[in-house]
Amino acid sequence: MTMFWLQVCASICCFTCVFALKIPSSDYFDDSIYTELRNLLEDREAWKGGGSVGHPQEERGWSPKLEVGQVAGVSVDPLGRPVLFHRGTRTWDYLSFNATHHYQEGGPLEEDVVVVLDPDTGDVLRSWGHGRFFLPHGITVDTKGNTWLTDVALHQVFKFAVEGEEPELMIGEAGVPGSDDQHLCKPTSVAVTSSGDFFVADGYCNARVLRFAADGTLKDQFGHQGSDGSPGALYVPHGLALDEARDALCVADRENHRVVCLRAGLRDPQEFGQPIMTLQGPNRGRVFDVAALNGVLVGVGGSETEGVATGFTADLDTGDLLDAWAPVTGFHNPHAIAVSPDASAIYVAEIGPNRVWKFVPEAPVGF
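Residues numbered from 1 in each chain as written. Predicted model: local features only at pLDDT ≥ 70, side-chain atom pairs only at ≥ 80, totals over all residues. Heavy atoms only, no water.

(A) Region of the structure containing the state of the cysteines. As enumerated under the stated definition, the model contains 2 disulfides in all. Two residues, Cys 185 and Cys 205, share a disulfide whose sulfurs are 2.1 Å apart. On the S-S bond that ties Cys 185 to Cys 205, the torsion sits near -60°, and the link is left-handed. Here Cys 205 lies in the loop between strand 11 (198-202) and strand 12 (208-212) and Cys 185 lies in the loop between strand 9 (169-171) and strand 10 (187-192), a separation of 20 residues in the sequence. The pair formed by Cys 185 and Cys 205 is uniform in burial state, with each residue classed as buried. (Disulfide = S-S within 2.5 Å. Helix = DSSP H or I, 4+ residues; strand = E, 2+ residues; numbered from the N terminus. Buried < 20%, exposed > 50% of the residue type's maximum accessible area, 1.4 Å probe, protein only.)

Quick look at the structure:
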């Protein structure tokens, strides 16, 4: 009950701030928000989400004492440990790249940019990655414990074996942006199958999703730059989520404010890229990242400058939006999300302030 009234108060405060700043409410809110607030007040159980899916509750007091830069990525390893990928002393701004997408600012970061945390205490268990990366972005730890990293300045994807600090696979040419079969341009995210095949969201420039064999051989690609509403028209594919049981690959299509779910082609390679569903505007802002497990999709998006920043939960089978959620104090700029293998925890990484949140679903059996 306390959580309910905190959410009501937060919603009222949000409206108060908008009017106090004399910002036209139509710029940020539509009639549906007023309806949802009224429904929340009338139905005290509505905030808990739908069906058997648990409402993610912030784990209060879980606040790792970290000296990190922009936390661009978060994943969870097979042991349930959150793993962060951060930018150290470096930030990404309008001076970072020239018009041809070549990086302009400095050499490799000297600090460790990959950080493994204790899931219970938030203590740092291990850190590595110094002297190699220029501008970290996405991280995925696969079911075998391999770590996949994307660097938008290097225009590359890296695969590191368990406990390894030298890459055993690299995709793309270091520092060279491109759109052909051998080059990437600011890749953002990786999703990995249990067989070792993997998908790359490529990314800020090329607006495509690439499918590779386990050895790095390009097998197929999907998507093109666009905003016409068709499934293949992408505008910054920023995050990927894979549900192998449903042969579904979901793309956080950031600047199109949506999630596009496609056939992953695991059952029939000819089906790769066939549309399954589109979740438009799940949080009324840009969608930054998504994660999937057992038919449930969770994601984060929006920002304080957009007037709203939330997490959301959706049903992968029906496309229904089930829940919206955030910490009590609200998100500022959520950038990445990850779910633990047993669905007992959800982690969200933010850029500015640079931190990571832990949420615990009320009823994880739904995942």
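(B) Local environment of the environment of Glu 166. Secondary-structure assignment places Glu 166 in the loop between strand 8 (156-160) and strand 9. Exposure remark for Glu 166: the relative accessible area of 58% places this residue in the exposed category. In this structure the C-alpha to C-alpha distance between Glu 166 and Arg 132, which are 34 residues apart in sequence, comes to 9.6 Å. In this structure the side chain of Glu 166 is engaged in a polar contact, spanning 2.8 Å, whose partner is the side chain of Arg 132. (Polar contact = N/O pair within 3.5 Å; in protein donor to acceptor, adjacent residues only side chain to side chain.)

(C) Unusual backbone geometry, seen in detail. In the segment running from Asp 202 into Gly 203, the intervening peptide bond is cis, with an omega of -10°. Among the structural elements, Gly 203 can be located in the loop between strand 11 and strand 12. The residue after Gly 352, namely Pro 353, is reached through a cis peptide bond having omega 0°. Although it is not a glycine, Glu 163 adopts a positive phi angle of roughly 65°. The residue Glu 163 is located in the loop between strand 8 and strand 9 in this model.

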